[in-house]
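The primary structure of each chain is shown beneath.
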Amino acid sequence: MKIGFIGLGNMGAPMAKNLSEAGHDVFGYDIAQISLHGIQQVGNLEGASRGMEVVITMLPNGTILKDVYKEIVTFGSKNAIFIDCSTVDVESAVTVAQLAKLNDIQPFDAPVSGGVVGAEAGTLTFMAGGDETTFDIIKPLFELMGQKAVLCGKNGAGQAAKICNNMILGVSMIAVCEAFALADELHLDRQKMFDVVSTSSGQCWSLNTYCPAAGIGPMSPSDNDYKPGFASDLMLKDLTLAQTAANSKNVFTPMGNHAQKLYSDFIAKDGSGIDFSGIINFIKNNSRTTP
Ligand code: NAD
């Protein structure tokens, strides 16, 4: 397939490479002029969208996505498929989908879970929103970049799934960090705590797979000085998207709201650029009397 790939950053670059290594003709564009082995670099958005069967975007946020779409829909071929894999707000996803449809382009939102490691290994999970028939056409592409793709519903449903998942993740990571902080003060050995909780009712991905305490459980960023992994800044972004959605629909999400505040405080202190599991140190360095 002839595929345009826009946004060749930490995630986009390995995803584009996986498509190209599987034999697709990939035309890449990044505003930072990133060039990658195996990807045909083009100099502008037109080069990455005109004449393409599929155009994939992997961009930082909804504002940039909307600006990019305003241009690329004018170059897109009739019946081309545009897939946005960025994490953005549901409203932006629906807006760009409408724009694409007005130009006879089939749109999908398909944010991912699995981080840079998953993008490199081709083991991402895609949460897609869009038309069922078109989904069958693009599924093989998801299978090259990931291990699972779920069609969640109409345009915007993929982003809805992503922010709900990451709201759970942010809250559960904080809960696990609080439990380790408390266990430490109760003189409970961290390994024993892991052995019990990872097989008891407190088990969750944040503990079992991505333990924030170093030296315990499978290898995770805590074993690498909290180098991301998944940066706390991106977690704050996703928690903020969840709160924006919850506000717009008047949904009571007190834990998600508090998680957003804690990540914001962590980042304001020294958490920017640190893996999101590094919030364990922020929690341990505060006391009940800290405002
Ligand atoms: P990144 O900042 O590394 O990459 C984004 C790229 O987009 C950059 O290279 C930037 O130069 C490019 N860009 C910005 N504006 C552009 C424009 N107008 N035209 C063309 N290129 C432009 O970010 P990332 O980590 O690759 O994340 C991309 C998206 O994936 C984000 O929405 C993020 O929330 C989501 N995501 C990231 C992770 C992760 O672990 N990094 C995990 C899941 C989802």
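Thresholds applied
- Residues numbered from 1 in each chain as written.
- Predicted model: local features only at pLDDT ≥ 70, side-chain atom pairs only at ≥ 80, totals over all residues.
- Heavy atoms only, no water.
- Helix = DSSP H or I, 4+ residues; strand = E, 2+ residues; numbered from the N terminus.
- Rg over C-alpha atoms; globule rule 2.2 N^0.38 Å.
- Buried < 20%, exposed > 50% of the residue type's maximum accessible area, 1.4 Å probe, protein only.
- Contact = heavy atoms within 4.5 Å.
- Pairing = 2+ DSSP bridges.
- Right-handed = clockwise from strand over helix to strand, strands pointing away.
- Salt bridge = Lys/Arg side-chain N within 4 Å of Asp/Glu carboxyl O.

A. Quick peek at the overall build of the protein. Within the protein one finds 12 helices and 9 strands. The C-alpha atoms of the protein give 20 Å as radius of gyration, which agrees with the globular expectation for 291 residues (19 Å, within 12%). Across its three principal axes, the protein shows a C-alpha extent of roughly 65 × 40 × 35 Å. Counting all 291 residues of the protein, 48% fall into the buried class. Put simply, of all contacts in the protein between residues at least 6 apart along the chain, 63% involve residues at least 24 apart.

B. Layout of the pairing of strand E2 (residues 25–29). Among the 5 residues of E2, 4 are classified as buried, and the element is accordingly described as predominantly covered. As defined by bridge partners, strand E1 (residues 2–6) adjoins E2 across 5 bridges and the pair is classed as parallel. Looking at E2, one finds that Phe5 is bridged to Gly28. As for the winding sense of the linkage, the β-α-β connection from E1 through helix H1 (residues 12–21) to E2 is right-handed. Inspection of the sheet shows E2 paired to strand E3 (residues 40–41) by 2 bridges, in the parallel sense. Paired with Gly28 across the two strands is Gln41, which belongs to E3.

C. Geometry of the environment of Val117. Secondary-structure assignment places Val117 in helix H5 (residues 115–121). Sequence separation between Val117 and Asn10 is 107 residues; the distance between their C-alpha atoms is 9.7 Å.

D. Layout of the pattern of salt bridges. Evaluation of the coordinates by the stated rule reveals 6 salt bridges. Among the salt bridges present, the one from Asp184 reaches Arg190, with a minimum N-O distance of 2.8 Å. Taking relative accessible area as the criterion, Arg190 reaches 24% and is therefore assigned partly exposed. For Asp184, the salt bridge identified is with Lys284, shortest N-O distance 2.7 Å. Note that Asp184 is positioned in helix H7 (residues 157–185) and Lys284 in helix H12 (residues 279–284), a separation of 100 residues in sequence. The class for Lys284 is partly exposed, based on a relative accessible area of 33%. Bridged by salt links that share partners, the residues Asp184, Arg190 and Lys284 form one connected network.

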